[in-house]
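# Tertiary structure, described
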Amino acid sequence: DNGYSDAIMFYAQMLVQGNGIPANYPKALSLFKSLADAGNHEACYQYGLMLHNGQGTQKDYNEAARYFKMAADMGNVDALYSYGMMYFLGEGFQADKVTGAQYIKRCADLGNVKAMFFYALILNHGDWIPRDYDESMRYLNLAAMNGNARAIQIIQEHSQRQVTGNNQDWSKQF
């Protein structure tokens, strides 16, 4: 396609952001859908986001999930995270926190920083999958090492408590 689809993706993203041109969600939605239906994984993800958020259309969790899954199956890690979160929160599905956690863990293991942090929370909480503080701390550290501000803050606060002798359970900070 000689870069034609890349140019359309760029234009559609400009339409969503209003970057240099007036924002136009319906037009961006239409462009993302055309590219998604042609097999572009990033367009599948962007189209799913717009459906999920109701940008340029009514919210449609079922269709958003379908496009997130398509993009995830093509290797889009952000789409995999969104799909897992939809399961976890019960958006478009009956809430299934165990299945959602499995998708989120897979995404964290593929390097998605938001998933690393959220999976640390899931492991720390322990209601949906067995609580594992050591593994939770490992994912929290991974998120912090990759720049997640909240993970950095929690680790710093935990370290300060250890220095001051207030060795309160770090997990209560979540």
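Below or above, wherever it landed, is the structure these notes cover. (Residues numbered from 1 in each chain as written. Predicted model: local features only at pLDDT ≥ 70, side-chain atom pairs only at ≥ 80, totals over all residues. Heavy atoms only, no water.)

## Some words on the packing of aromatic side chains
How two aromatic rings sit relative to each other is set out by the distance from centre to centre and by the angle between their planes. Tallied over the full model, the rule gives 10 aromatic pairs. Ring geometry for Tyr-83 and Phe-93: centres 5.6 Å apart, planes at 90°, overall edge-to-face. You can see Tyr-83 sitting in helix 5 (residues 77–89) and its partner Phe-93 sitting in the loop between helix 5 and helix 6 (97–109), a full 10 residues away along the chain. Classification of Phe-93 as partly exposed rests on a relative accessible area of 24%. Arranged with centres 5.2 Å apart and planes meeting at 85°, the rings of Phe-88 and Phe-118 form a pair that is edge-to-face. Here Phe-88, found in helix 5, pairs with Phe-118, found in helix 7 (residues 113–125); they are 30 residues apart in sequence, far enough to count as distant. The burial state of Phe-88 is the same as that of Phe-118; both residues are buried. Lys-97 extends its terminal NZ or CZ atom over the ring of Phe-88, reaching a point 4.3 Å from the ring centre. (Phe/Tyr/Trp six-rings, centres within 6.5 Å; stacked < 30°, edge-to-face > 60°. Helix = DSSP H or I, 4+ residues; strand = E, 2+ residues; numbered from the N terminus. Buried < 20%, exposed > 50% of the residue type's maximum accessible area, 1.4 Å probe, protein only. Lys NZ or Arg CZ within 6 Å of the ring centre and 35° of its normal.)

## Remarks on the packing of helix 1 (residues 4–17) against helix 3 (residues 41–53)
Between two packed helices, both the angle of their axes relative to each other and the distance between the axes serve to describe the pair. Direction vectors running N to C along helix 1 and helix 3 enclose 20°, while the axes themselves pass 11 Å from each other. Classified by the angle between their axes, helix 1 and helix 3 sit roughly parallel to one another. Two packed elements cross with a definite hand, and for helix 1 against helix 3 that hand is left-handed. Residues Met-9, Gln-13 and Val-16 of helix 1 lie in contact with helix 3, whose contacting residues are Glu-42, Ala-43, Gln-46 and Met-50. (Axes fitted to C-alpha atoms, helices over the stretch in contact; angles between N-to-C directions. Parallel < 35°, antiparallel > 145°, perpendicular 65-115°, else oblique. Left-handed = near helix turned anticlockwise from the far one by under 90°. Contact = heavy atoms within 4.5 Å.)

## Remarks on the side chain of Asn-76
Mapped onto the elements of the fold, Asn-76 is located in the loop between helix 4 (61–73) and helix 5. Owing to a relative accessible area of 4%, Asn-76 belongs among the buried residues under this scheme. Within the structure, the side chain of Asn-76 is placed 3.1 Å from the side chain of His-41, a separation counted as a polar contact. (Polar contact = N/O pair within 3.5 Å; in protein donor to acceptor, adjacent residues only side chain to side chain.)

## Here's the deal with the packing of helix 8 (residues 133–145) against helix 9 (residues 149–164)
As a packed pair, helix 8 and helix 9 sit with axes 8 Å apart at the nearest point and diverge in direction by 120°. Comparing their axes, helix 9 and helix 8 come out oblique. Here helix 8 and helix 9 pass one another in a crossing that is left-handed. On helix 9, the residues touching Met-137, Leu-140, Asn-141, Ala-143 and Ala-144 of helix 8 are Ala-151, Ile-152, Ile-154, Ile-155 and His-158. When grouped by side-chain class, the residues that make up the contact of helix 8 with helix 9 number eight nonpolar, two polar and no charged. (Nonpolar A, V, L, I, M, F, W, Y, C, P; charged D, E, K, R; others polar.)

Purely geometric numbers; function is a separate question.
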